[in-house]
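Read off the chains here:
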4 protein chains.
Amino acid sequence: MRLEVTSRLAFEFPEPTDTIAVIQAAHATGQFIEREHLGLPNGVRLAESTDPVSGGRLLRGCLSGSVEIEYRATIRISPRLTLPANLTVAPWSQLPVAVLPYLLPSRYCPVDQFLRFASREFGHISPGGARVLAILDWIHSNVDYVHGVSNGTTSAANTFIDRAGVCRDFTHLGMTLCRASGVPARAVAAYALALDPPDFHAVFEVFLDGGWWLVDPTRLAPVAGMVRIAHGRDAADIAFLTTAGAVTQTGMMVSVVDLDAPRTDTPLDKPPYNPNTVEEAALT
Amino acid sequence: MRLEVTSRLAFEFPEPTDTIAVIQAAHATGQFIEREHLGLPNGVRLAESTDPVSGGRLLRGCLSGSVEIEYRATIRISPRLTLPANLTVAPWSQLPVAVLPYLLPSRYCPVDQFLRFASREFGHISPGGARVLAILDWIHSNVDYVHGVSNGTTSAANTFIDRAGVCRDFTHLGMTLCRASGVPARAVAAYALALDPPDFHAVFEVFLDGGWWLVDPTRLAPVAGMVRIAHGRDAADIAFLTTAGAVTQTGMMVSVVDLDAPRTDTPLDKPPYNPNTVEEAALT
Amino acid sequence: MRLEVTSRLAFEFPEPTDTIAVIQAAHATGQFIEREHLGLPNGVRLAESTDPVSGGRLLRGCLSGSVEIEYRATIRISPRLTLPANLTVAPWSQLPVAVLPYLLPSRYCPVDQFLRFASREFGHISPGGARVLAILDWIHSNVDYVHGVSNGTTSAANTFIDRAGVCRDFTHLGMTLCRASGVPARAVAAYALALDPPDFHAVFEVFLDGGWWLVDPTRLAPVAGMVRIAHGRDAADIAFLTTAGAVTQTGMMVSVVDLDAPRTDTPLDKPPYNPNTVEEAALT
Amino acid sequence: MRLEVTSRLAFEFPEPTDTIAVIQAAHATGQFIEREHLGLPNGVRLAESTDPVSGGRLLRGCLSGSVEIEYRATIRISPRLTLPANLTVAPWSQLPVAVLPYLLPSRYCPVDQFLRFASREFGHISPGGARVLAILDWIHSNVDYVHGVSNGTTSAANTFIDRAGVCRDFTHLGMTLCRASGVPARAVAAYALALDPPDFHAVFEVFLDGGWWLVDPTRLAPVAGMVRIAHGRDAADIAFLTTAGAVTQTGMMVSVVDLDAPRTDTPLDKPPYNPNTVEEAALT
């Protein structure tokens, strides 16, 4: 599948602020960046680096005043299978060392608090794909997708009680329950085809039978149409913008178009964009 | 300095349990392992691996019943300087990519909640070594070293309110305040000379002027006499024992002896050891 | 039913400490105190008061050193019915003003966080007795009675995640879910016949059809055999001991005997008592 | 002092909802209601009750659709002294029973978590008025008045970490520190002269030398010009609107005028009012 990804972000920095933007498609197995373009205001410089471990790409610089960043890319992605139920979890001693941290608690995933619940609710299900699917079913049945009930400090514990949240919250709760059930899980930031409204998306991957498998706990977009931006332990690692100080997001537009699909009426080069929309600088 | 490190740990596993033990001296710059010995019960096998990124060493296996693990090593460590006040923090764009995660919140370090406090309390102090020293002074003046007030779910937020804890809690609060002040900080598990009573110790490192500097927020042991075991984002990453299920620690002994120092009366080969002591399986 | 209640508590106060002990049977409808005796060490004086609103009785004084308090009473209690499913909740405008606070959040009952869960899980059940019974069934199916997993700061939110606790935790969770479902609920401290092992017990009451109905969310003791000590918003209000400073509980014995039942072999005047047992000064 | 108080509140109830509004001046010592008027839409009925213990007045009913409530009163208040430093705290055994709950933790005041901090920071100061004044000074020096950083679940623990909040948060933190220091404290909702912008105000009272003394931890309005609406353990008890379901506040106006002061240009009968302003239904 070939996808045309566009994102435009506008920020207002009250003073010069160290900033990391992670908005580019990652260098990752299964996706090939055919072309890409990064648009920055005159005079703004961002240093590009690639995380050698994750393939995630960082744009770093000290920004001030009004800054608009545009990213546009054409990406070819390999077919991505839906998680099969019969995948199995390896014993810890056979997991790659690099996978082990994804069994541990992280800022938004207090795995240590969920061991008994995970055992009671999912312990009887065969460990592996079946258990992950049961966790995703549980979340689908018990958590509502609701904007505005969570914020940047909301953890999976909060969401578990409140039973509502956005993609970031669904991902944190899903990863927490997977890790508490013995399944390594890591957060993935993605551009997602068919997400409505278009936005940065947070999903996660589980490590089963020697590989990482992508799932979307919100069920809002097909995993086959996702372009990977970054992965990490939770939202803290994969935020599209991290700053050392205060910043206001003044506009945001995301667009993902399937170039292999029959054309629709929406002109590719003029996606809707409202520079005055104030959005929280966080994955939704 | 040459140090003789010994640790003996005894556990009771009610059923076969995936286990990771991290008790060996790390392969790390500044410390050289002259000899070492790992003692396991007959029939117990643990696979050894080294984390290629951190140099930490993992012992992994599925354990059951009563298991006693003994580690003994002679390690030569290079001189380690005390943190100078005049070190500086680099702009984010000049930090190595691998250092960036240590600016972020983690399970026990909710950095996002402490930005205003850090700015109010330490914002006026020159960023870098001076600010870290001010943070260490603040902790020394405001937090009591008290056993039994914290447990495995205690975060830096709890300790900040409760104003008491053990080395793990001091380290979490110290790292949280450093990261919230713009200084990368990572947790380090260590064998520490002159720690009384001897135990696994949790300390942390800050990244200043291109290098990591070790500090002990409890001020209980000199950084010059520490043997590094592992490092990571917080206690979750550097626990000496991580298990997939229930386990009871039934005994624990740690000993660190300076081989270059004049001999004392304590015979090296018979450190005190109480197999009946039940200790929490966590860094103190 | 006539019950013989005995409790002995032993404490060690390191320094003179303002103390409130609430261990006497309350002056309450449905229970009549035939005789009672309070035993205090020579020289210890406690002022007795009765809360005019709740009928709870307070013993207050400044205690120091080793103090043992003995309470012994014979109480006649009226028959107490099990909660019928067909009871109804009155509209708020018809509730007595004194009942309204029991709809609100309190220290250990963060009702505000559970509105969506309560609505999802119990909203379809007829408000009133049936809903309360459904809540009690849910707790019975989802929470384990386990000692040692909770402490004096554990709230219903913690227990909801951890799925385990003691009577105090069951009561907090039960009240939180009732209040979040529109049913007034208040905590009750009681002496409970047939509780094994004997101990101070925490249960709760719901206000339905104009009256308070007692329920035991742990299902460990029949409500018919309970002697009321005090009621309040949660455990903070009904602790058997509240002190202005540090105290160590050095012994505790509780005994409840049905005087109308055929005598057993246990001699009434010599219940087992271990003055060396250290117990947390909290309802279990 | 004679004060003219006006408040207008507009709400949208999506469905019929049990509601309690507490917006009338309380029947309380030190304030006399000369005249008052309650304006309700045609067809809306609210039952009036007075809490016999607190003197707070409740308006209760089942509301639906758009509802505007207007309250207008002329109140004569007695002079109110500023808290003197030399007031003392009575031993617990001499406190009125009705005062004791105000020493305990409540939903937003986790007193149990602050005992060590209170002792470290204020333990050396003479208990009583001087200690309360020191607590108020500490809050003034360490907490910023900032809108938008807190919400309906924010407790004193959150505010203590975040170091920012509104009047409700200042009051919760102040009461928590007072109770943890042995001083009974209760929350008070008030109409406050000279509060800018005018709004419902949350302050608190401490019980010293046999009486309750009003203080404003935000220092935004003089205690001499406050009309008492209600008191209770914390914001949960004194909210101006409590509902059994969802509600949107669509407008709000508060005005307090000193009738004894020289007239200004603002005509009394036409205070500014924006029916379209959406405000959180909570004390600010």
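Everything numeric here is computed off the predicted structure, so don't read it as measured data. (Residues numbered from 1 in each chain as written. Chains lettered and ligands numbered in written order. Predicted model: local features only at pLDDT ≥ 70, side-chain atom pairs only at ≥ 80, totals over all residues. Heavy atoms only, no water.)

Asks: How do you make sense of the sheet that holds strand β7 (residues 185-192) of chain B when you look at a structure like this?
Replies: Pairing between sheet strands relies on hydrogen bonds along the backbone, with the strands arranged either parallel or antiparallel. Residues and elements named next belong to chain B. Spatial strand order, β9-β8-β7-β10: four strands in an open sheet with antiparallel pairing. Single-partner strands in this sheet number two, and they are β9 (211-215) and β10 (226-232). Across the sheet, the mean angle separating the axes of adjacent strands is 35° when strand polarity is ignored. Examined bridge by bridge, β7 and β10 share six bridges and lie antiparallel to one another. Each residue of the ladder has a partner; that of Tyr191, found in β10, is Val227. Sheet strands touched by helix α4 (residues 167-180): β7 and β8 (200-208). Its angle to β8, the strand with the most contacts, is close to 10°. (Pairing = 2+ DSSP bridges. Helix = DSSP H or I, 4+ residues; strand = E, 2+ residues; numbered from the N terminus. Axes fitted to C-alpha atoms, helices over the stretch in contact; angles between N-to-C directions. Contact = heavy atoms within 4.5 Å.)

Asks: What is the right way to look at the relation of the copies chain D and chain C in this model?
Replies: What relates the pair of chain copies is a rotation about an axis plus a shift along that axis. Turning chain D through 180° and shifting it by 0.0 Å along the axis lays it on chain C, with an RMSD of 0.0 Å. Given the turn and translation reported, the copies of this chain are related as if by a two-fold rotation axis. For chain D, the smallest separation between a C-alpha atom and the rotation axis is recorded for D:Arg107, amounting to 1.9 Å. Comparing interface residues between copies, 100% of those in chain D also lie at the interface in chain C; the contact surface is shared. (Least-squares fit on C-alpha atoms with pLDDT ≥ 70 in both.)

Asks: When you look at the interface of chain D and chain C in this model, what are you seeing that I'm missing?
Replies: Interfaces are frequently sized by the accessible area removed from exposure as the parts join. Of the residues lining the interface, 30 residues belong to chain D; the matching set on chain C comes to 30 residues. Between chain D and chain C lies a buried interface of about 2600 Å² when both sides are counted; carbon and sulfur atoms form 63% of it. Three residues stand out in chain D for area buried against chain C, namely D:Arg60, D:Trp92 and D:Arg107, and they jointly supply 28% of the buried area on that side. Where chain D touches chain C, the interface holds four salt bridges. Across the pair D:Asp112 and C:Arg107 runs a salt bridge whose closest N-O atoms are separated by 2.8 Å. Summed over the shared surface of chain D and chain C, the number is 10 residue pairs in polar contact (both at pLDDT 80 or more). Elements that contribute at least two residues to the side of chain D that touches chain C include exactly β1 (2-21), β4 (57-77), α5 (235-238) and β11 (241-243) of chain D. Grouping the amino acids of the side of chain D that touches chain C by side-chain chemistry returns 13 nonpolar, 10 polar and seven charged. (Buried area = accessible area lost by both parts, 1.4 Å probe. Salt bridge = Lys/Arg side-chain N within 4 Å of Asp/Glu carboxyl O. Polar contact = N/O pair within 3.5 Å; in protein donor to acceptor, adjacent residues only side chain to side chain. Nonpolar A, V, L, I, M, F, W, Y, C, P; charged D, E, K, R; others polar.)

Asks: Quick question: what am I supposed to make of the interface of chain A and chain C here?
Replies: Listed by partner, the interface residues are 16 residues for chain A and 16 residues for chain C. Here chain A and chain C share an interface that buries about 1500 Å² over both sides, 47% of which is from carbon and sulfur atoms. Interface area lost by chain A to chain C is led by A:Arg116, A:Arg120 and A:Ile161, which between them contribute 47%. There are four salt bridges connecting chain A and chain C. One salt bridge connects A:Asp162 with C:Arg116, and the closest N-O pair in it is separated by 2.9 Å.

Asks: Would you mind going over the packing of aromatic side chains with me for this structure?
Replies: Summed over all chains, the structure comprises 50 aromatic pairs over all chains. Here the aromatic rings of C:Phe11 and C:Phe13 are separated by 6.1 Å at their centres, their planes lie at 50°, and the arrangement is tilted. An identical accessibility class is assigned to C:Phe11 and C:Phe13; each is buried. The residue whose ring lies beneath B:Arg186 is B:Tyr102, and the NZ or CZ to ring-centre distance is 5.9 Å. (Phe/Tyr/Trp six-rings, centres within 6.5 Å; stacked < 30°, edge-to-face > 60°. Buried < 20%, exposed > 50% of the residue type's maximum accessible area, 1.4 Å probe, protein only. Lys NZ or Arg CZ within 6 Å of the ring centre and 35° of its normal.)

Asks: So what exactly am I meant to see when it comes to the relation of the copies chain A and chain C here?
Replies: Between the two copies, chain A and chain C, the superposition gives an RMSD of 0.0 Å; the rotation angle is 180° and the shift along the axis is 0.0 Å. Most of the interface of chain A is mirrored in chain C: 100% of its interface residues are interface residues there too.

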